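# Structural features, examined
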Amino acid sequence: MVRRGFCIGALLLVATLAHAQERPHPFETLEFRLGGTQNVNTNFLHTFWQQGVGLEGGLTTPFYLGYAEVGGAVHRYGVTEPPQVPGFDALLLYAGWGLHANLGRLRLEGGLRVGNYRMTFNEQTFAGVRTESELALMGHGRLALRIVGPVSLYASGGYQKVYTFVRMNLWYTSAGLSYRFQTPGWLETVLR
């Protein structure tokens, strides 16, 4: 039921954004984001691991339609007591595409990401596989408020599916600051 609601909401968001889409020149600006992120749902994963606050960063630029982005996030997962499994650090690296709408000082974005979810396990406590790297798909939405000049405050949420043997379904919330600037001419030429 939650999955259907999320899919319907995402389709409505994309349809709304597609209608309100502005057409800036591709790659004319870059926006750098940095913020905190937290895994907020509970499932089988959380029987053995405790989610910690993570850090995310990304770079977004206007594309021919919508925007393109690259980024990453790191999370540390500690173990429950008594430890039955090793703790691990998770690194997500992704590329994405989405649509946006400017509503005065507010900016609404929604899109899809594909990436690699790499887990590095603590072998000091347990012997075994040290790393695991899997495909991850994510849908996300972000609301940004321009607070002064090129600086914005943002809050976002997303649903991520990691294609491990037993699928990991993770919900995230994030918040932070972003800074938008003109793309240097040489870089804009390279990106085009």
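Check the entry above for the structure.
Let me sum up the structure you'll find in this document. (Residues numbered from 1 in each chain as written. Predicted model: local features only at pLDDT ≥ 70, side-chain atom pairs only at ≥ 80, totals over all residues. Heavy atoms only, no water.)

## Structural notes on unusual backbone geometry
Even without being glycine, F27 reaches a positive phi, approximately 65 degrees. Looking at the element boundaries, F27 is found in the loop between α1 (2–20) and β1 (29–39). (Helix = DSSP H or I, 4+ residues; strand = E, 2+ residues; numbered from the N terminus.)

## A word on the nonpolar core
Within the largest apolar cluster, 17 residues are counted, with the highest numbers of intra-cluster contacts made by L45, W49, Y77, F88, Y117, M168 and L170. Within the residue set of this core, elements represented by two or more residues are β5 (88–103), β6 (106–121), β7 (131–148) and β9 (168–182). Tallying contributions element by element places β5 first for this core, with 4 residues. Every residue in contact with L45, bar those within four places of it in the chain, is listed here: Y77, F88, M168 and L170. (Core = buried A, V, L, I, M, F, W, Y, C linked by side-chain atoms within 4.5 Å. Buried < 20%, exposed > 50% of the residue type's maximum accessible area, 1.4 Å probe, protein only. Contact = heavy atoms within 4.5 Å.)

## Brief notes about empty space enclosed by the protein
Counted by the stated rule, this structure contains 2 cavities of 30 Å³ or more. Within this model, the largest cavity holds a volume of roughly 150 Å³. Around the largest cavity, the lining is made up of 17 residues, and of these E56, R113, M138, Y172 and S174 lie nearest the centre. Sorting elements by how many residues they give to the lining of the largest cavity places strand β8 (residues 151–162) first, with 4 residues. Grouping the constituent residues of the lining of the largest cavity by class yields 6 nonpolar, 8 polar and 3 charged. Approximately 50 Å³ is the volume found for the second largest cavity. Lining the second largest cavity, in full, are E31, R33, T60, R107, E109, R142, A144, Y154 and S178. Of all the elements in the fold, those that place two or more residues in the lining of the second largest cavity are β1, β6 and β7. (1 Å grid on protein atoms, 1.4 Å probe; cavity = no way out; pocket = protein on both sides within 12 Å on 5 of 7 lines; lining within 4 Å. Points joined across faces, edges and corners; volume = space filled by probe spheres on them. Nonpolar A, V, L, I, M, F, W, Y, C, P; charged D, E, K, R; others polar.)

This is a description of form; function is not addressed.
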